[in-house]
Each structure stands twice: as C-alpha cells, then as structure tokens.
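# Geometric and topological summary
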Amino acid sequence: NDSNPVVQRVQFTGRFHLDYAFQDAAQGQMEEWNIRRLRLGAKVKLFGDYTFHGEVDLNPQEPNPLYSRLTDMHLSWSRSKEFVATVGKHGAPFTLDGSTSSKELLTTERSNLANNIWFTNQYFPGVSASGQINQWRYRAGIYSGGAGNHEFGEFNGGAFGLVSGGYDFAKAWNAKQALLAVNYVENDPDINNTWTRSLRRVGSINFSYEATKWGARADLSAGEGYLGASDLWGATLMPFYNITERVQVVARVTHVVSEDPNGLRPALYGSRVVSARGDEYNEAYLGLNYYIHGHKLKLQTGVQSAEMADSARDGGLYAGWGWTTGLRMFW
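Presented here is an overview of the structure given in this document. The structure presented is a predicted model; accordingly, all values stated were derived computationally and were not measured.

Here strand S1 (residues 7-25) pairs with strand S2 (residues 28-46) via 18 bridges, running antiparallel. Note that in S2 the partner of His17 across the bridge is Arg37. Here S1 folds back onto S2 in antiparallel fashion, the turn holding two residues. Both S1 and strand S16 (residues 318-330) contribute to a ladder of 11 bridges, which runs antiparallel. Residue pairing in the sheet places Asp24 in a bridge with Trp321 of S16.

Now the structure itself:
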C-alpha cells in the first residue's frame, strides 16, 4: 500500500538451490545430493525511502541445528538509483563472480578464481554507498573483519575497505550490457580475522557483455597475501549463447596460480575428493541452462575438467572431471 505512511510493502524472500554432483578423479570419486542453499527472509519498505532486509541460511540436510547463519540484516536508504546508503550486514561484491548473486549465476557454481580471491563469506557488517549515474556505476564501503560467527562476528580483527567503479557501454554499443568494472580491496592484516581470505590487497578488472543472442564475461584478478598466505592471481573467460529464449549454452575456462606452494584451495566439489591445497589450478566447463521463469526458476547442468598442481607433493594433486546438475529458484 503506497499510501500507507509507515509500511508500504512487505515481501517474503528466499532461495532454494538443489544439486546432484559427481566427481571422478585419479585420486578418488564422490557422488552426492546437496541442498546447496536454502534461505528465508523478508524485505520491508518503510517510510517511503527505507528498506529493511533480513534473511537466514538454513541447512535442512543436517538439521542439528537447522539454522546455519544470518546472511542479510541491513537497512538501506534511497530516493533514486543514483545513491543507495546501506548499514548492517550485507554483501561485499568484487571480482566477476563475487559481484554476481548466486541467484543469477550462469554456471552451477562460482569459478575457483572467486573461491580463492573473493571473500566467500560474502556478507559482512558494514556501511556502504552505491549507485548508478547514467552509464556509470560505483560502490564504496567499509566492512568489519574479525573472528567470524553465525551473526555479526566479534569485531576484533580490523576492517576492510572496498571501492568499485564501472561504466556500461551498452547504449553506445547497442547491447543489453557492456559493463567494464574495476574493484579494489584493502584489508587489515589481522591474525584474528577469520571471515575474509588472508589477502591484504585485492584488485580485479572484469567485463560483462551481452547482446541478443550471445555474450561473454571475463575477469582478471590478483591478491597479495599476508601472515604466510601466498600471493595469487587468476583469470577466467566465460562465453555464452542463447539458443532460444529458454535454452542457453555456457562455457568457461579458469586459470589460477599461487606464488607459493599450497596457496590454492580446490573447487567446491573437487574438495570432496582432495581437500589439500595446491599451487596451480586449471578448469574447463561446459554447461546448459533451461530457464523456466528466468533466473527465478531454472535448471542448470554442467561438466568440468580440472587439474590442480601440487609442487609441495603433500596431497594437493588433483586431476579429474565432474558433473553437476541442479535446480535454482528464488523469490
């Protein structure tokens, strides 16, 4: 009710992601059904210019306890898309996949570049300002580090700053999107910080292009490690083609390297076979998406071939392929 002076809108929000995953490597096999994400919450528009959003992550697969963590819990103020101020626990988006919501990924999972260089906890207490001015995009924020817990953390491990800027060439190029973005993160090197990756500085330049039938996304990112963590860099390229309005084919190649041995984490389902770390990771992915109702309801499937080198020879070697298929839904 837009005429109500206090509460204009209350929305029930959430997402549900179900996976079937299979991995076959020289080091072993794994197969599982996985409720990858189940989140429930609410978004409330208040006093015309304010939006409150709260959401929790649940784990019905291992329901002891059912509650996993608090994701969003923040208040935003905005009168136009040119400026949005947010305070509370909310996302810190950088790198290509880290800036893409899990609701709108074109692949079954984020790339292993994001897994290693982005802060995969994703949601942090902080203050940020963001907006869109014509074709320009911007974001600046300060977020808390520290020892992580299921809610707001312990506030005992410094903070990190995030600055992003971008320009969308879509209008000039007659495309749906042609966004070139640059992200920079400065992170306090604090031993108590368990919420972020142990990276003091992170830089990323990424590009997202989409025309009527085809598009491509690319990312080049690097991070400077601290407290014994290795420096990292990586690149990914992801072209896609829309066969019909509902059917889309996606390919992706990913290359990630750490300067020191044991500087890289394996990918999500690969880690079920080999959990130890390596120092060079290469992956090729080919997937198919079927959009029943856009990103709000879709089926995704993809196969990937991956290798991880382990110069330390202490268990991080991986060579295999995998298949993941899943249902993605949000509201």
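So much for the structure itself; the text now carries on.
As a further point, take the environment of His53. Positionally, His53 belongs in strand S3 (residues 50-58). Spatially, the C-alpha atom of His53 lies 6.6 Å from that of Leu75, the residues being 22 residues apart in sequence. At a separation of 3.2 Å, a polar atom in the side chain of His53 contacts the side chain of Glu55.

In this section: the nonpolar core. Within the largest apolar cluster, 29 residues are counted, with the highest numbers of intra-cluster contacts made by Phe94, Phe124, Phe160, Val185, Tyr281 and Tyr318. When contributions to this core are tallied by element, the ones reaching two or more residues are S1, helix H1 (112-117), strand S8 (159-168), strand S10 (199-210) and strand S15 (297-309). Here this core gets three residues from one element, more than from any other, and that element is H1. Discounting chain neighbours no more than four positions away, the residues touching Tyr281 are Asn112, Thr254, His255, Val256, Leu264, Ala267, Ala306, Glu307 and Met308. One finds Leu106, Phe240, Val250 and Tyr291 within the second-largest nonpolar core, a separate group that totals five residues.

With a relative accessible area of 12%, His53 lands in the buried category. When residues no more than four places from it in sequence are discounted, the contact partners of His53 are Thr13, Ala42, Lys43, Asp72, Met73 and His74.

We now examine the side chain of Ser144. Structurally, Ser144 can be placed in strand S7 (residues 136-144). Judged by relative accessible area, Ser144 falls into the buried class, the value being 9%. For Ser144, the contacting residues outside a window of four places in its chain are Phe124, Pro125, Phe155, Gly158, Ala159, Phe160 and Trp195.

Right, let's get into the pairing of strand S5 (residues 83-91). Pairing between strand S4 (residues 67-80) and S5: seven bridges, direction antiparallel. Across the sheet, the residue bridging to Trp77 is Ala85, located in S5. A loop of two residues connects S4 with S5, the two strands running antiparallel in sequence. Pairing of S5 with strand S6 (residues 123-133) involves eight bridges; the strand directions are antiparallel. Counted as the bridge partner of Gly91 is Tyr123 from S6.

Right, let's talk about a nonpolar patch on the surface for a bit. On the surface, a cluster of nonpolar side chains totalling about 740 Å² of accessible area is made up of Val6, Val7, Val10, Phe47, Tyr50, Phe52, Leu75, Val87 and Val127. Residue assignment for the nonpolar patch shows that the elements contributing at least two residues are S1 and S3. Along the chain, Phe47 turns up in the loop between S2 and S3.

Note on aromatic pairs: each is described by the distance of the centres and the angle between the planes. Under the definition given, this model contains 17 aromatic pairs. Judged by centre distance (5.7 Å) and plane angle (70°), the rings of Phe124 and Trp195 are edge-to-face. A residue pair is termed long-range when its members are at least 10 positions apart, and Phe124 in strand S6 and Trp195 in the loop between strand S9 (177-187) and S10 qualify at 71 residues. Judged on exposure class, the residue Phe124 and its partner Trp195 are both buried. An angle of 65° between the planes, with centres 4.8 Å apart, marks the rings of Tyr167 and Phe169 as edge-to-face. Judged by its relative accessible area of 26%, Tyr167 is partly exposed. Phe169 sits in the partly exposed class, given a relative accessible area of 26%. For Arg252, the ring lying beneath its charged end belongs to Tyr285, and the centroid distance is 5.2 Å.

Cut-offs used in this document
Residues numbered from 1 in each chain as written. Predicted model: local features only at pLDDT ≥ 70, side-chain atom pairs only at ≥ 80, totals over all residues. Heavy atoms only, no water. Pairing = 2+ DSSP bridges. Helix = DSSP H or I, 4+ residues; strand = E, 2+ residues; numbered from the N terminus. Polar contact = N/O pair within 3.5 Å; in protein donor to acceptor, adjacent residues only side chain to side chain. Core = buried A, V, L, I, M, F, W, Y, C linked by side-chain atoms within 4.5 Å. Buried < 20%, exposed > 50% of the residue type's maximum accessible area, 1.4 Å probe, protein only. Contact = heavy atoms within 4.5 Å. Patch = residues over 30% accessible without salt bridge, like charges linked within 9 Å, V, L, I, M, F, W, Y side chains within 5 Å. Areas by Shrake-Rupley, 256 points an atom, 1.4 Å probe, with all protein chains shown as cover. Salt bridge = Lys/Arg side-chain N within 4 Å of Asp/Glu carboxyl O. Phe/Tyr/Trp six-rings, centres within 6.5 Å; stacked < 30°, edge-to-face > 60°. Lys NZ or Arg CZ within 6 Å of the ring centre and 35° of its normal.

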